[in-house]
Amino acid sequence: MKDTVGLITQEDKEFYKQNGYWISPVLFDEAEIEAMRQAHDRVWANDYDGDGYPLGEWDGEPKSLRKIDNTWWINDVIRDTVTNPVLGRIAAGLMDSTGARLWYDQIIYKPGTGTGKKDSVSLGNVGWHQDYIYWQCTNTDNLVTAWIALQDTDLSNGCMSVIPGSHKWGLLEGSDGFFNRDLDAVKSRLEGAGRDWKEVPMILKAGQASFHHSLAIHGSGQNYSEHPRLSIVAHLMPDGTYYKNRGHNVDNIRLLGSRPKEGQLYNSEYFPLAYSEKADS
Ligand SMILES: [Fe+2]
């Protein structure tokens, strides 16, 4: 990690406020990226650094998208990555908060189809969605997702795209499209009358990260390359975020204890602080 990055400017904040996303400079160097790629391999090989609670979602089909949540529990490199203070400082800056805690993480593996042919319902697609539709047990939608590229990433290998300004559209009905591979079908459900639907690809060099608001609509298409597209994703929340009973995301509610109470802070060891302004002063 280079220590010269991580302080975002007022201009950056304004851009994020307007567009609902922001792209960082390169945050991780080659050796760090290699370690993260090896961490991916170890998790997919069920080689864990300790007991944990990974939640895997892969149908076993080689061409399908693979995703696992909570891998920071079971892999030390991923833990260090998603609780990295520079990542946390950027997140806190974008959320306008004094601190950033890890909500949870994901590792994502999008296989390369190598066909070079467009298939609108590729098995590796991630349908358009808003993260917050899955996270309504938090009292705020002011959460941010950091998506770290472990190789150069663009449309040819299925990069994520964001709809700028969509974080201002509120929480939309039917925005839980993550597992719907038919991007066009979900789009027609969400774009709505009068909404300016523009798709901006998050083109990243290896080691760069994109940050998006929990209400920003995003998704990704086919990876036409010969190689898998790997990423590590950190979902971060402002320090002080608390439990709101809206009947969603029981997997994270469970971590608060067997009977979470309205207003209970997400501040246990299961939600580590990635950054706090207090620690800087
Ligand atoms: Fe997402």
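Below or above, wherever it landed, is the structure these notes cover. (Residues numbered from 1 in each chain as written. Predicted model: local features only at pLDDT ≥ 70, side-chain atom pairs only at ≥ 80, totals over all residues. Heavy atoms only, no water.)

This part is about the packing of aromatic side chains. Each aromatic ring pair is described using two quantities: the centre-to-centre distance and the angle formed by the ring planes. The tally for this structure, following the rule as stated, stands at 14 aromatic pairs. Ring geometry for Trp128 against Trp197: centres 5.3 Å apart, planes inclined by 85 degrees, an arrangement best described as edge-to-face. Taken together, the residues span a long stretch of sequence, with Trp128 in strand E5 (residues 126-129) and Trp197 in the loop between helix H5 (183-190) and strand E8 (200-201) at a distance of 69 residues. Among the residues examined, Trp128 registers a relative accessible area of 4% and is labelled buried. Both rings, one in Tyr266 and one in Phe271, keep their centres 5.1 Å apart while their planes meet at 70 degrees; by these two values the pair is edge-to-face. (Phe/Tyr/Trp six-rings, centres within 6.5 Å; stacked < 30°, edge-to-face > 60°. Helix = DSSP H or I, 4+ residues; strand = E, 2+ residues; numbered from the N terminus. Buried < 20%, exposed > 50% of the residue type's maximum accessible area, 1.4 Å probe, protein only.)

This part covers the coordination of the iron ion. Protein ligation of the iron ion involves His129 (NE2), Asp131 (OD) and His218 (NE2), the donor distances falling in the range 2.1 to 2.2 Å. When the donors of the iron ion are listed by position in the chain, the intervening gaps give H-x1-D-x86-H. One end of the pair, Asp131, is in the loop between E5 and strand E6 (144-149); the other, His218, is in strand E10 (residues 218-220), with 87 residues separating them in the sequence. Overall, the relative accessible area of 4% leaves His218 in the buried class. (Donors = N, O, S within 2.8 Å, 3.2 Å for Na, K, Ca; no water.)

Let's shift gears to H5. What H5 keeps buried is the set Leu183, Val186 and Leu190. Seen along its axis, H5 keeps its buried residues to an arc of 70 degrees; they face one direction. The exposed set on the far side of H5, more than 90 degrees from its buried face, consists of Asp184 and Ser188. In this structure, the buried residues of H5 make contact with E5 and E10. Residue Gly192 follows H5 closely and has a positive phi angle near 60 degrees. (Arc of directions from axis to C-beta. Contact = heavy atoms within 4.5 Å.)

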